[in-house]
Amino acid sequence: MDLLALTDFTLVARHGGFGKAARAAGRPKATLSRRVAELEASLDLRLFERGVRDLKLTEEGRALFERAGALLTELEETAASIASGGDRPRGRLRISAPLLFSQTAMGRLAAKFSLLYPEVRLEVTTEDRPVDMIEEGYDLVIRVDPDPDETLVGRPFLHDRLVVVASPDLPRLADAAVPAVVRGNDRTGSWTVNTAAGQSNVAVDPVLRLSSLVMIRDAVLAGGGAARLPVSLVSHDLAAGRLAHWGDVAGSEIALWALYPSRRLLSARVSAFLDLLKRAFPKAAPEELAAYLNG
C-alpha cells in the first residue's frame, strides 16, 4: 500500500474535503484528489461518497481512517522521537475536558504543564458531550464515569460524590416538598440521602433549572433552594457554614477518567500529562479538587 496516498487520504478525511485539506497542507487540490482515487483503485473500494457540495466517508472509509490515522500518527511520533534523540515531550497535545473540571482545575494544570514542557503546544476544549477522539483529533479526553469503549483505554484519577446542600436558613420539611435547584431537564421528584440517622427521602419541587453546576452552587448560596452538588465544589462552603449538609446522595460516587486510544502507544506528551494528573491528585480524593477551586 502506498503510504503517501494513505497519508493524503487521512488528511482529506480529517478536514472533511479536498479543498479544506489542500488549504491546510498547502498542497494542490488536484494532487490530493488523484492520490485518493489511486488508493481507492488499489483497494478496489470507494472510501468517500462525493456529493455536489460535501464529501462523506463510506463505512469502509471510516474504518480505514480510524485505523490508519492512529498508525500514521504513531509512526510520525516515533520518527520525531528518534530524530530528536529522545522521548522529550514536544508537539501539539489536544485534550477535551468536562466543564466543571475545566472551570476548577484545568487552567492551573495547563499552566503548570506548559512551564514543565515548553516544547508542547497544549490545546484544551471544554465539552460535556462524548467526543470522537479519532475523528476530532484528540490525544486525551477527561470524562465522568464514561461508558465502556473497546477502542479506548484509561485510568480513573479522581473520585467525587454528590451531597445535598442548602442555605442554613432553608428548613427541611418532612411533610412537604422543598424548593430545589436542578440541572437541565432533571425531573426527579425526590432524592434519597444517607445521613448519620440512616437513609431518607427528600421530596423536591424544582424552582430553578440551570445548566452549570457552578451556577447551581451560587443559586443555593443565595438561598434559591436545595441542590445535589459534588462535595469537591461545596466542601469549603460547608466548612465555613455558608451551606448546610443534608446528606450524601445514595449511590452517587463518581470518578473522573483520563482516556486515550488503545491502538496507539502512549506518546511522550500524553504520558507527561497523565503523570501531572497523578501528581496533582495523589489520593484521587475530592478534597484535592476542592483545593484547586479555593487555592
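Residues numbered from 1 in each chain as written. Predicted model: local features only at pLDDT ≥ 70, side-chain atom pairs only at ≥ 80, totals over all residues. Heavy atoms only, no water.

**What about the overall build of the protein?**
Operational definition: For helices the rule is a DSSP run of H or I covering at least 4 residues; for strands it is a run of E covering at least 2, with both sets numbered from the N terminus onward. Any two residues having at least one pair of non-hydrogen atoms within 4.5 Å are treated as being in contact. All accessible-area figures derive from a Shrake-Rupley calculation using a 1.4 Å probe, and residue coverage is judged against the displayed protein chains alone. Think of it this way: Lys and Arg go in the positive column, Asp and Glu in the negative one, and His and the chain ends go nowhere. The atom standing in for a charge is NZ when the residue is Lys, CZ when it is Arg, CG when it is Asp and CD when it is Glu.
When helices and strands are tallied, the protein shows 10 helices and 13 strands. Along the three orthogonal principal directions, the C-alpha set of the protein runs to about 75 × 45 × 30 Å. Of the contacts formed within the protein by residues at least 6 apart in sequence, a portion of 74% connects residues at least 24 apart. Carbon and sulfur atoms provide 53% of the accessible area of the protein, an area that totals close to 15600 Å². Across the protein, 37 positive and 38 negative side-chain charges occur, with their mean positions spaced 5 Å apart.

**Some details on the pairing of strand 7 (residues 162-166)**
Selection rule: Buried, partly exposed and exposed residues are distinguished by accessible area as a fraction of the type maximum, computed with a 1.4 Å probe on protein chains only: under 20%, between the cut-offs, and over 50%, respectively. Here, strands pair whenever DSSP counts at least two bridges between them.
Burial of strand 7 is extensive: 4 of the 5 residues sit out of reach of the surface. Sheet topology places strand 7 next to strand 11 (residues 227-230); 4 bridges connect them, and they run antiparallel. Within the sheet, the bridge partner assigned to Val165 lies in strand 11 and is Ala227. Sheet topology note: the strand 7/strand 12 (residues 244-249) ladder contains 4 bridges and is antiparallel. Residue pairing in the sheet places Val165 in a bridge with His245 of strand 12.

**A short note on the layout of surface pockets**
To keep it simple, the criterion reads: Detection works on a 1 Å grid of protein atoms alone, calling trapped sets that fit a 1.4 Å probe cavities and calling open sets with protein on both sides within 12 Å along at least five of seven lines pockets, with lining residues defined by an atom within 4 Å of a point. Grid points are joined across faces, edges and corners, and a volume is the space filled by probe spheres set on the points. Throughout this entry, Asp, Glu, Lys and Arg are counted as charged residues, while Ala, Val, Leu, Ile, Met, Phe, Trp, Tyr, Cys and Pro are counted as nonpolar. The remaining residues, Gly among them, count as polar.
The calculated volume of the largest pocket comes to roughly 1100 Å³. In terms of lining, the largest pocket is formed by 47 residues, of which the most central are Asp128, Arg143, Val144, Asp145 and Pro146. Split into classes, the residues belonging to the lining of the largest pocket amount to 30 nonpolar, 4 polar and 13 charged.

**Thoughts on the sheet that holds strand 6 (residues 152-160)**
Here is the rule we go by: Axis lines are fitted to C-alpha atoms, over the contacting stretch for helices. Their N-to-C directions set the angle, which ranges from 0 to 180 degrees.
The mixed open sheet is built from 5 strands, whose spatial order is 4-3-5-13-6. Looking at which strands have only one partner, the edges of the open sheet turn out to be strand 4 (120-126) and strand 6. Within this sheet the neighbouring strands show an average axis-to-axis angle of 20°, counted without direction. Across 4 bridges, the pairing between strand 5 (residues 140-144) and strand 13 (residues 254-261) is antiparallel. Within strand 13, the position partnered with Val141 by the bridge is Leu259. Where helix 9 (residues 268-280) meets the sheet, it contacts strand 3 (91-97), strand 4, strand 5, strand 6 and strand 13, and its direction lies at approximately 45° from that of strand 3.

This is a description of form; function is not addressed.
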